[in-house]
Amino acid sequence: MAVKDRDRFSTTTRIRLLGEQTAARVYRSQTKRQARRSRLTGRAALLALVLCTLIVALAYPMRQYVAQRAEIAEVKRKQERTRERVEQLRDLKARWQDDAYAEQQIRQRLHYVMPGETGFVVIDPNAAKQSRSDLGAADRPWYANVWDGVDSSDASDQ
């Protein structure tokens, strides 16, 4: 027994135990690294890189495609509105080809009368009561608009 106790406390035994403990720790850490590393292999990383590259490469053309489809739809809507407007104008042109419609419009718009008829103009009695200040800015002379502007800015200062 004395030999075993002596071996237990010898330097070589202690160094050998330390080496075994260190080897066990290194082996455990290597197996953990291998277990972690096995989740993301080089193939998986390459596949992820290829997928990301494809997504980035296709993003701009897809955006352009969607924008062009929207533009095409807008052009089609505009074309349909233009087609409807052309139809309206054709109908109007066909109406103006009729002499009765043309005569009716001329009498209504230009106040023409046929020979032997008497033309009358009716004046609205409420229109005569309207004062100059009630008129819109476009209906008044320019100097009245300027003077009103001076008055309103002077009133806002006080």
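Residues numbered from 1 in each chain as written. Predicted model: local features only at pLDDT ≥ 70, side-chain atom pairs only at ≥ 80, totals over all residues. Heavy atoms only, no water.

A few words now on the overall build of the protein chain. The secondary structure content of the protein chain amounts to six helices and zero strands. Starting at the N terminus and ending at the C terminus, the protein chain contains elements arranged as α-α-α-α-α-α. Burial analysis of the protein chain (158 residues in total) assigns 4% to the buried set. Total accessible area on the protein chain stands at roughly 15000 Å², and carbon and sulfur atoms take up 59% of it. (Helix = DSSP H or I, 4+ residues; strand = E, 2+ residues; numbered from the N terminus. Buried < 20%, exposed > 50% of the residue type's maximum accessible area, 1.4 Å probe, protein only. Areas by Shrake-Rupley, 256 points an atom, 1.4 Å probe, with all protein chains shown as cover.)

What follows concerns the packing of helix H3 (residues 42-97) against helix H4 (residues 99-110). Direction vectors running N to C along H3 and H4 enclose 90°, while the axes themselves pass 5 Å from each other. When the interaxial angle is binned, H3 and H4 end up roughly perpendicular. Contacts between H3 and H4 involve Leu92, Arg95, Trp96 and Gln97 on the former and, on the latter, Asp99, Tyr101, Ala102, Gln105 and Arg109. Looking at the contact of H3 with H4, its residues break down into four nonpolar, two polar and three charged. (Axes fitted to C-alpha atoms, helices over the stretch in contact; angles between N-to-C directions. Parallel < 35°, antiparallel > 145°, perpendicular 65-115°, else oblique. Contact = heavy atoms within 4.5 Å. Nonpolar A, V, L, I, M, F, W, Y, C, P; charged D, E, K, R; others polar.)

Right, let's get into the pattern of salt bridges. In this structure the tally under the stated criterion is five salt bridges. The partner of Arg107 in a salt bridge is Glu117, with the nearest N and O atoms 2.5 Å apart. Taken as a pair, Arg107 in helix H4 and Glu117 in the loop between H4 and helix H5 (125-128) lie far apart in primary sequence, 10 residues in all. The exposure class assigned to Glu117 is partly exposed, which follows from its relative accessible area of 41%. Connected through salt bridges with shared partners, the residues Glu74, Arg77 and Arg81 form a single ionic network. (Salt bridge = Lys/Arg side-chain N within 4 Å of Asp/Glu carboxyl O.)

Next up on the list: H4. Across its 12 residues, H4 extends 16 Å between first and last C-alpha, which sits within 8% of the 16 Å expected from 1.5 Å per residue. By the burial criterion, the buried members of H4 are Tyr101, Ala102 and Gln105. The buried side chains of H4 occupy one side of the element, clustering within an arc of 95° when seen end-on. At the exit of H4 stands His111, carrying a positive phi of roughly 55°. (Expected span 1.5 Å × (residues − 1). Arc of directions from axis to C-beta.)

Structurally, Gln105 can be placed in helix H4. For Gln105, the contacting residues outside a window of four places in its chain are Trp96 and Leu110.

So, about a nonpolar patch on the surface. There is a patch of nonpolar side chains on the surface, built from Leu46, Leu47, Leu49, Val50, Leu51, Leu54, Leu58, Met62, Tyr65 and Val66 and spanning about 990 Å² of accessible area. Here Leu54 is to be found in helix H3. Taking relative accessible area as the criterion, Leu54 reaches 45% and is therefore assigned partly exposed. (Patch = residues over 30% accessible without salt bridge, like charges linked within 9 Å, V, L, I, M, F, W, Y side chains within 5 Å.)

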